[in-house]
Protein chains: 2
Amino acid sequence: MDIKSYLSEKRERIDAFLASYFDAPLAPAVLGDAMSYSLLAGGKRLRPILALASHEACGGDAEAIVPYAASLEFIHTYSLIHDDLPAMDNDDLRRGRPTNHKVFGDAMAILAGDALLTEAFYLLSNSPGGARIAPSVRLKVAREIAMASGAHGMVGGQAEDLLSENAPQDIDSLSFIHTHKTGALITASVRIGGLLAGAGKKELRSLTHYGEKIGLAFQIIDDILDIQGDTEELGKQTGSDERKNKMTYPGLYGIETSSRKAQELVDDALFALRAFGDKADALREIARYIIRRRN
Amino acid sequence: MDIKSYLSEKRERIDAFLASYFDAPLAPAVLGDAMSYSLLAGGKRLRPILALASHEACGGDAEAIVPYAASLEFIHTYSLIHDDLPAMDNDDLRRGRPTNHKVFGDAMAILAGDALLTEAFYLLSNSPGGARIAPSVRLKVAREIAMASGAHGMVGGQAEDLLSENAPQDIDSLSFIHTHKTGALITASVRIGGLLAGAGKKELRSLTHYGEKIGLAFQIIDDILDIQGDTEELGKQTGSDERKNKMTYPGLYGIETSSRKAQELVDDALFALRAFGDKADALREIARYIIRRRN
């Protein structure tokens, strides 16, 4: 399969849905501007695409779950806005543009993040056209995403990340940060695609393994790109982990060992999908893409 | 009915539920500490109690919906933590204690708020013991709360409030702030109590009117207390609206006219409940309490 056109086709579908959210005017307008500034800044849409691809791998029709997939990007974007704040990571560049607070100020950036997070759960509980999906499944999906994003998931990981700055290097802490800060929501993205397709326990277990492996591989590559990548290609400042004295995989193990680890994780992810037929080819190609990517 | 013991009994029930959330240890521990510091600081629990009272007014058993009611306090508390940040209202005192960021720092306060907001939706989609309530109703409740808290509700109101500081006094803007920043979530609190009891359209319409009226009355009294109240009794600094040049009801109309308006709103709220029997007495007493309160 042609993964490049698959990714761009799905990305365009997600982008169109995200843009349509702003069809209804928001008051005050600047709040809507701040939300759309970051949401429509053209990310990779990895999490939504994973949900769509996993839905297809389980025999579902991707079009039916676009609002659910899009909710993941609302959450991911809110987390980027808040992480970039001066009080947090204090980053100036994101997705090739000045960060949200640089344009709208800290207060509006905090509110734009709060609004995006809340609207994600509006989408999950409203989801027009979701009538084909049983309410009990929709609740399960909302719960899964809340669990992965909240205190026991992403926010917990970010809190640990903050605390670990300038602290002694500690592999347990690094592993906690990776599995929580990025891993949990990536795994949830894969799992909800399956849940919404009515996947059985065995399929969900395989998808969970796949998600955990690519989530960690994604983070390792992210850390390597922060050292070796190109600021322009990445759309964010490189070298920021080292400046902030952040614990990273390559920082702890070196780039070569980290690259090998990422490749092993992708192999494990592919192995987890062994019982799936060619419907899972997109998931397989995404796993391979994750270590090939330059941004 | 004895409203004082009703309120304290319900408050204790909500407080016990909120405290039980922290039975499961959180990692990192300081995130859990920051969340519980503000969540368990002993607020009035007005929103949860409104949900319980409205549930009872529609013939429901309050005990069955405690997790739903508690989720409202998670949301209210997150909004207080974020509003108090230096980048926002920059307040030092809340519920009689130093504000969250004063104790845990800005970054952890932002994360504690994010986590509380997310956990609210975890509660709404998980709600153990909620099996008696149909999943479609539970989705409706989550949607209602998301709508009232997000860009079209509370966050929109807070954004307008920020923009209105030092702007020319404008009654439309003041009304927008009141209905969105506090009114929307108070109205939703009343409505979800009804929704969870299977209230019909007519009952819900009455509850909506009641909620809108007491929501505005509550805000007017809040503004009056900011001028006339006692810092110790209130647990927050008085005079802060004037210092920040915030638009308020008493600022625009004077205290006497504002007090009269609050009383009229409470009368309207009581009128909205005219078709309800004595099961709605708690709602009636809460409306009266709202203008009598000293904190």
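Residues numbered from 1 in each chain as written. Chains lettered and ligands numbered in written order. Predicted model: local features only at pLDDT ≥ 70, side-chain atom pairs only at ≥ 80, totals over all residues. Heavy atoms only, no water.

One widely used convention gives an interface's size as the accessible area the parts lose upon coming together. Contacts between the two partners involve 48 residues from chain B and, on the opposite side, 48 residues from chain A. Buried surface at the junction of chain B and chain A, both sides included, amounts to about 4000 Å², of which 79% is carbon and sulfur. Connecting chain B to chain A are zero salt bridges. Summed over the shared surface of chain B and chain A, the number is eight residue pairs in polar contact (both at pLDDT 80 or more). Counting only elements with at least two residues in the side of chain B that touches chain A, the list comes to α2 (29-39), α4 (66-84), α5 (100-126), α6 (135-149) and α7 (154-164) of chain B. Ranked by the residues each element gives to the side of chain B that touches chain A, the list is headed by α5 of chain B, at 15 residues. Tallied by class, residues from the side of chain B that touches chain A come to 32 nonpolar, 10 polar and six charged. (Contact = heavy atoms within 4.5 Å. Buried area = accessible area lost by both parts, 1.4 Å probe. Salt bridge = Lys/Arg side-chain N within 4 Å of Asp/Glu carboxyl O. Polar contact = N/O pair within 3.5 Å; in protein donor to acceptor, adjacent residues only side chain to side chain. Helix = DSSP H or I, 4+ residues; strand = E, 2+ residues; numbered from the N terminus. Nonpolar A, V, L, I, M, F, W, Y, C, P; charged D, E, K, R; others polar.)

With that out of the way, let us pick up unusual backbone geometry. Residue and element names in this part refer to chain A. Cis geometry marks the peptide bond from Ala27 to Pro28; its omega dihedral reads -5°. Note on placement: Pro28 falls in the loop between α1 (3-20) and α2 (29-39). Within the chain, Arg45 stands out as a residue other than glycine whose phi angle is a positive 60°. One can find Arg45 in the loop between α2 and α3 (46-57). At Arg95, a residue that is not glycine, the phi angle is positive and equals roughly 50°. Counting through the fold element by element, Arg95 comes out in the loop between β1 (93-94) and β2 (97-98).

Let us now look at the relation of the copies chain B and chain A. One copy of the chain maps onto the other through a rotation about an axis plus a displacement along that axis. Rotating chain B by 180° about the axis while translating it 0.0 Å along that axis superimposes it on chain A, leaving an RMSD of 0.0 Å. The relationship between the two copies is best expressed as a two-fold rotation axis. It is Pro135 of chain B whose C-alpha, among those of chain B, lies nearest the rotation axis, at 2.7 Å. When the interface residues of chain B are mapped onto chain A, 100% of them are again interface residues, pointing to one common binding face. (Least-squares fit on C-alpha atoms with pLDDT ≥ 70 in both.)

With 19 residues, α4 of chain B ought to run about 27 Å at 1.5 Å a step, and its terminal C-alpha atoms sit 27 Å apart, in line with that. Burial runs high along α4 of chain B: 19 of the 19 residues are buried. (Expected span 1.5 Å × (residues − 1). Buried < 20%, exposed > 50% of the residue type's maximum accessible area, 1.4 Å probe, protein only.)

Time to look at the packing of aromatic side chains. Applying the stated rule across the entire model yields nine aromatic pairs over all chains. Look at Tyr21 of chain B and Phe74 of chain B: their rings are 5.3 Å apart centre to centre, the planes differ by 80°, and that puts the pair in the edge-to-face class. Taken as a pair, Tyr21 of chain B in the loop between α1 (3-20) and α2 and Phe74 of chain B in helix α4 lie far apart in primary sequence, 53 residues in all. Each member of the pair, Tyr21 of chain B together with Phe74 of chain B, is buried. Just above the ring of Tyr37 of chain A sits the side chain of Arg97 of chain A; from NZ or CZ to the centre is 4.1 Å. (Phe/Tyr/Trp six-rings, centres within 6.5 Å; stacked < 30°, edge-to-face > 60°. Lys NZ or Arg CZ within 6 Å of the ring centre and 35° of its normal.)

Now for the packing of α4 of chain B against α6 of chain B. In a packed pair of helices, the relevant descriptors are the angle between the two axes and the axis-to-axis distance. All names here are of chain B. Here α4 crosses α6 at 20°, and the two axes come no closer than 12 Å. Considered as vectors, α4 and α6 are oriented roughly parallel to each other. The interaxial crossing formed by α4 with α6 has right-handed handedness. Where α4 abuts α6, its residues Tyr68, Ser71, Leu72 and Ile75 lie against Arg138, Val141, Ile145 and Ser149. In terms of residue class, the contact of α4 with α6 is built from five nonpolar, two polar and one charged. (Axes fitted to C-alpha atoms, helices over the stretch in contact; angles between N-to-C directions. Parallel < 35°, antiparallel > 145°, perpendicular 65-115°, else oblique. Left-handed = near helix turned anticlockwise from the far one by under 90°.)

What follows covers the environment of Ile286 of chain B. Residue and element names in this part refer to chain B. Within the secondary structure, Ile286 is located in helix α14 (residues 281-292). On a C-alpha basis, the gap between Ile286 and Tyr6 in space is 9.7 Å, while along the polypeptide they are 280 residues apart. Once residues within four sequence positions are removed from consideration, Ile286 is found in contact with Ile3, Leu7, Leu46, Ile49, Leu50, Ala53 and Tyr210.

The next thing to look at is a positive patch on the surface. Taken together, Lys201, Lys202, Arg205 and Arg274 of chain A make up a surface patch of like positive charges. Mapped onto the secondary structure, Lys202 of chain A falls in helix α10 (residues 201-228). (Patch = residues over 30% accessible without salt bridge, like charges linked within 9 Å, V, L, I, M, F, W, Y side chains within 5 Å. Areas by Shrake-Rupley, 256 points an atom, 1.4 Å probe, with all protein chains shown as cover. Lys, Arg positive; Asp, Glu negative; His and termini not counted. Charge placed at Lys NZ, Arg CZ, Asp CG, Glu CD.)

To continue, consider the pattern of salt bridges. Taken as a whole and assessed by the stated rule, the structure comprises 35 salt bridges over all chains. The partner of Lys246 of chain A in a salt bridge is Asp89 of chain A, with the nearest N and O atoms 3.2 Å apart. With Lys246 of chain A in the loop between α12 (240-243) and α13 (249-253) and Asp89 of chain A in the loop between α4 (66-84) and β1, this residue pair connects regions lying 157 residues apart in the sequence. Classification of Lys246 of chain A as buried rests on a relative accessible area of 11%. For Asp89 of chain A, a relative accessible area of 10% corresponds to the buried category. As a salt-bridge pair, Glu56 of chain B and Lys10 of chain B come within 2.8 Å of each other at their nearest N and O atoms. In this pair, Glu56 of chain B sits in helix α3 (residues 46-57) while Lys10 of chain B sits in helix α1, placing the two residues 46 residues apart along the sequence. Relative accessible area serves as the criterion here: at 8%, Lys10 of chain B is assigned to the buried category. Through salt bridges with shared partners, a single network forms among Asp89, Asp161, Glu165, Lys181 and Lys246 of chain A.

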